[in-house]
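Survey of secondary and tertiary structure
In case you want the letters, here they are:
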Protein chains: 2
Amino acid sequence: MAEFELIAQHFTFGHKPESVVLDKGDDCALIKPLTSSEKLLAITTDSLVAGTHFLADIQPKALASRALNSNLSDLAAMGATPKWYSLALTLPKNIANNQVWLSEFSQQLAALNEEYGCYLIGGDTTSGPLAVTISIIGEVEHSQAMLRENAQVGDLVCVTGSLGDAVGGLQFVLNSDLTAVQPAYKQHLLTRFNHPTPRVAFGLAAKQFVRCAIDVSDGLVADLSHIVKASQVSAEIKLSQLPLSDALVGQFGQMQAIEYAATGGDDYELCFTINPAHLMDINKIAEQTGVVVTVVGEITQSEQNNHQVFTLLDGQTQQLTQLGYQHFA
Amino acid sequence: MAEFELIAQHFTFGHKPESVVLDKGDDCALIKPLTSSEKLLAITTDSLVAGTHFLADIQPKALASRALNSNLSDLAAMGATPKWYSLALTLPKNIANNQVWLSEFSQQLAALNEEYGCYLIGGDTTSGPLAVTISIIGEVEHSQAMLRENAQVGDLVCVTGSLGDAVGGLQFVLNSDLTAVQPAYKQHLLTRFNHPTPRVAFGLAAKQFVRCAIDVSDGLVADLSHIVKASQVSAEIKLSQLPLSDALVGQFGQMQAIEYAATGGDDYELCFTINPAHLMDINKIAEQTGVVVTVVGEITQSEQNNHQVFTLLDGQTQQLTQLGYQHFA
């Protein structure tokens, strides 16, 4: 299938917003951002590559969800409103000629565009090993962007949703012999892995009360480490307070679930810090946006220049096996 | 090497423009575009994948040039000023740990940023088969963007530079047994293939006189076809007028050179149409920006709804072997 037919047939969907002056099919897309002097563009890029982030036989809907939602999650962590994105799709020949695969992939993108209010403006399709790179642009008011460098000693460390489910789901992907304790556990964990939920609405509503935020893509401890380093503070996480799903605990037991929650990646929940005085406001917003928020620790003073995340269990420092992966480590 | 070190060591270069509020290292980059109501953002994305667009042993400087310059060329074809770009880099382990490779790749990017005035705002590095996806953003005045749909019957069809050199250079890449007629021919053609020259300055200066433009990435005939279809016209190309380098003709002979020039991709020259009354203006701009411009044909009326590019040699229609490749064909 030629590139132009592929775009026409599978990647032309959604209602073109007024801000899009020129769409797919010319040398560039042309967009008209809002011209308020307070508005900034927030831009982020994420690649998913077969063999590194997913297995080559991944379901097309799961690939679409993970590729777009990991980008939306970065915007959520900045408090930005999703607007436009480009899609670079590298397809092996068997998939490029598989109309069912392409339909399911693009239908899932279209559904997510509808849900999160973003629009596909262009991209590139090439032949090669399966990979998806999305670059997304959002808008955010300068004064309300949730950066990483503003955490202050005494801030509460909070997270949305439950943690560790994605790495729990990954165990079923990697190990077909793994027995589900209950079928519903497996299904829940796989859904959380394949279709993560970017916390866009919560990020937008909460940013007025949030000091800094990051999305949990590499694991809570690893991601919170970026906040403490940028803010020149430390943090204590109470492992017993980590929000765990029944499925995760039921499938893997309490201790393994805690380890997954503290160090497993791909959850795409938000980790953020707030002044304790704003906890009521945050809880209200959580309720309004249908998200559970849990306080899991606090920001502490660093000893000398050692900005670290400490994980505590029953008041004792607990060493964890690091799961949050680093590329090229 | 961890992703964060890799970014700090190799991908932190250039003078951060005032428009960049937040740089690499947070969830998103934050940029502040000009707030004139006439300004649009022009956005384009290009992927280069090992085995499809280049061989895996490509020189890192050539890969950096081809990846960034193919994107800059799309902005040139729109008449947009390059501003910010993101880089998604997928590296196999041996390259991720090869400091010399990474240095050369990033030095070449830095040099091109300096030359074309663009700035790396962020991206992603992942492990996997070598691939580069760049998404670049430029600025253009709404009324001066060079679209594809404005060609009119009687317009002259012009091209910048010389055509066919890139596919000539590719022959040396693909066939190590190919003998150079002269060493300088081989060197010229390989340089044109590995380090294409995006016509950014010419595009910016010429756009006021240009009716529509496209960059020659898939081959002149294939790319001009997009213009004639979008504009609902046809075009005649006089093959004897195609600008051919001495190296291309010297290496491959006149007829093969013409075929390469008409149908070979990756030249990243501009093909554009103008009202004949503006030829003098265009020639002046060509001289000022150090670019050769050649009139290679004209826009003609379509018979019925058959919008086509006709290639003529000595007044006769000449069939060409199609080289301009289509992915997944």
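Residues numbered from 1 in each chain as written. Chains lettered and ligands numbered in written order. Predicted model: local features only at pLDDT ≥ 70, side-chain atom pairs only at ≥ 80, totals over all residues. Heavy atoms only, no water.

Let's talk about the environment of Asn98 of chain A
- Along the chain, the position of Asn98 of chain A falls in the loop between helix H3 (93-96) and helix H4 (99-116).
- From its side chain, Asn98 of chain A meets the backbone nitrogen of Trp101 of chain A in a polar contact 2.9 Å long. (Helix = DSSP H or I, 4+ residues; strand = E, 2+ residues; numbered from the N terminus. Polar contact = N/O pair within 3.5 Å; in protein donor to acceptor, adjacent residues only side chain to side chain.)

Considering the UniProt feature "binding site: Mg(2+) 1" (unreviewed entry) in chain A
- The UniProt record marks Thr45, Asp46 and Asp124 of chain A with the feature "binding site: Mg(2+) 1" (unreviewed entry), using the residue numbering of this structure.
- Positionally, Asp46 of chain A belongs in strand E3 (residues 39-49).
- What makes Asp46 of chain A buried here is its relative accessible area of 17%.
- Residue contacts for Asp46 of chain A: discarding those within four places in its chain leaves Ser70, Asn71, Asp74, Val132, Thr133 and Ile134 of chain A together with Asp124 of chain B.
- Examined against the element boundaries, Asp124 of chain A turns out to sit in strand E5 (residues 119-127).
- Contact partners of Asp124 of chain A, with chain neighbours within four places excluded, come to Glu3, Leu87, Ala88 and Leu89 of chain A together with Thr45, Asp46 and Ser47 of chain B. (UniProt positions renumbered as here; feature names shortened; annotations may be inferred. Buried < 20%, exposed > 50% of the residue type's maximum accessible area, 1.4 Å probe, protein only. Contact = heavy atoms within 4.5 Å.)

Structural notes on the sheet that holds strand E3 (residues 39-49) of chain B
- The sheet built from six strands is open, its strands ordered E1(A)-E2(A)-E3(B)-E6(B)-E4(B)-E5(B) with mixed pairing. With one partner strand each, in any of the chains shown, strand E1 (20-22) of chain A together with strand E5 (119-127) of chain B form the two edges of the open sheet. Between one strand axis and the next, the sheet turns by 20 degrees as a mean value, whatever way the strands run.
- In this sheet, strand E6 (residues 131-141) of chain B lies alongside strand E4 (residues 81-91) of chain B in antiparallel orientation, the contact comprising nine bridges. Among the inter-strand pairings, Ala88 of chain B is bridged to a residue of E6 of chain B, identified as Thr133 of chain B.
- Running over the sheet, helix H4 (residues 99-116) of chain B touches E4, E5 and E6 of chain B and is turned about 170 degrees from E4 of chain B. (Pairing = 2+ DSSP bridges. Axes fitted to C-alpha atoms, helices over the stretch in contact; angles between N-to-C directions.)

Re the pairing of strand E9 (residues 234-238) of chain A
Residues and elements named next belong to chain A.
- As paired elements, E9 and strand E11 (residues 293-300) share four bridges and run antiparallel to each other. Counted as the bridge partner of Glu236 is Glu298 from E11.
- Bridge count for E9 against strand E12 (residues 309-313) is four bridges, and the pairing is parallel. Bridge pairing in E12 places Ile237 opposite Thr311.

Digging into the pairing of E5 of chain B
Residues and elements named next belong to chain B.
- Across the nine residues of E5, eight count as buried, placing the element largely inside the fold.
- Relative to E5, E4 is paired through eight bridges, and the arrangement is parallel. Within E5, the residue paired with Leu89 across the bridge is Thr125.

Re unusual backbone geometry
- Here the phi dihedral of Asp266 of chain A falls at roughly 70 degrees; this positive angle occurs in a residue that is not glycine.
- As for its position among the elements, Asp266 of chain A is in the loop between helix H10 (254-263) and strand E10 (270-274).
- Phi at Gln232 of chain B takes a positive value of approximately 60 degrees, unusual for a residue other than glycine.
- Along the polypeptide, Gln232 of chain B turns up in the loop between helix H8 (220-231) and strand E9 (234-238).
- The exposed category is assigned to Gln232 of chain B, whose relative accessible area is 53%.

Things to note about the domain arrangement of chain A
Residue and element names in this part refer to chain A.
- Looking at chain A, the domain boundaries give domain 1 (3-144) and domain 2 (156-317).
- Tallying the contact residues gives 21 residues for domain 1 and 19 residues for domain 2.
- Approximately 1,600 Å² of surface area, both sides summed, lies buried where domain 1 meets domain 2, with 62% of it carried by carbon and sulfur atoms.
- Of all residues in domain 1, the largest losses of buried area upon contact with domain 2 belong to Arg66, Ala76 and Ala77, amounting jointly to 30% of the total for that side.
- Between the two partners, domain 1 and domain 2, sit two salt bridges. (Domains from an automatic or database assignment. Buried area = accessible area lost by both parts, 1.4 Å probe. Salt bridge = Lys/Arg side-chain N within 4 Å of Asp/Glu carboxyl O.)

So, the interface of chain A and chain B
- If you look at the interface, chain A gives 66 residues, while chain B gives 66 residues.
- Across the chain A to chain B interface the summed buried area is about 5,300 Å²; carbon plus sulfur atoms make up 61%.
- Linking chain A with chain B are four salt bridges.
- At the boundary of chain A with chain B, the tally comes to 18 residue pairs in polar contact (both at pLDDT 80 or more).
- Among the elements that make up the side of chain A that touches chain B, the one with the highest residue count is E3 of chain A (10 residues).
- In this sheet, E3 of chain B lies alongside strand E2 (residues 29-31) of chain A in antiparallel orientation, the contact comprising three bridges. Its bridge partner lying in E3 of chain B, Leu30 of chain A is registered against Ala42 of chain B.

Here we look at the UniProt feature "binding site: Mg(2+) 4" (unreviewed entry) in chain A
Residues and elements named next belong to chain A.
- Within the UniProt annotation, "binding site: Mg(2+) 4" (unreviewed entry) is assigned to Asp27, Thr44 and Asp74. These residues run over 48 residues, and the two farthest C-alpha atoms among them are 27.3 Å apart, placing them at more than one spot.
- In this fold, Asp27 is placed in the loop between E1 and E2.
- By relative accessible area, Asp27 is classed as buried at 4%.
- Residue position: Thr44 is located in strand E3.

Focus: the packing of helix H2 (residues 60-78) of chain A against H4 of chain A
All names here are of chain A.
- Close contact between H2 and H4 brings their axes to 8 Å; oriented N to C, the two are set at 35 degrees. Handedness of the crossing formed by H2 with H4: right-handed. Across from Pro60, Lys61, Leu63, Ala64, Ser65, Leu68, Asn69 and Leu72 in H2, the residues of H4 making contact are Trp101, Glu104, Phe105, Gln107, Gln108, Leu109, Leu112, Asn113 and Tyr116.
- Among the residues making up the contact of H2 with H4, the classes are represented as 10 nonpolar, five polar and two charged. (Left-handed = near helix turned anticlockwise from the far one by under 90°. Nonpolar A, V, L, I, M, F, W, Y, C, P; charged D, E, K, R; others polar.)

Examining the packing of aromatic side chains
- Applying the stated rule across the entire model yields 10 aromatic pairs over all chains.
- Taken together, a centroid distance of 5.3 Å and an interplanar angle of 15 degrees make the contact between Trp101 of chain A and Phe105 of chain A stacked. Here Trp101 of chain A pairs with Phe105 of chain A, and both are found in helix H4, just four residues apart, close to one helical turn.
- Ring geometry for Phe11 of chain B against Phe105 of chain B: centres 6.2 Å apart, planes inclined by 70 degrees, an arrangement best described as edge-to-face. Here Phe11 of chain B, found in the loop between helix H1 (3-10) and strand E1 (20-22), pairs with Phe105 of chain B, found in helix H4; they are 94 residues apart in sequence, far enough to count as distant. Summarising the burial analysis for this pair, Phe11 of chain B and Phe105 of chain B share the class buried.
- An aromatic cluster of three or more residues is present, and its members are Phe11, Trp101 and Phe105 of chain A. (Phe/Tyr/Trp six-rings, centres within 6.5 Å; stacked < 30°, edge-to-face > 60°.)

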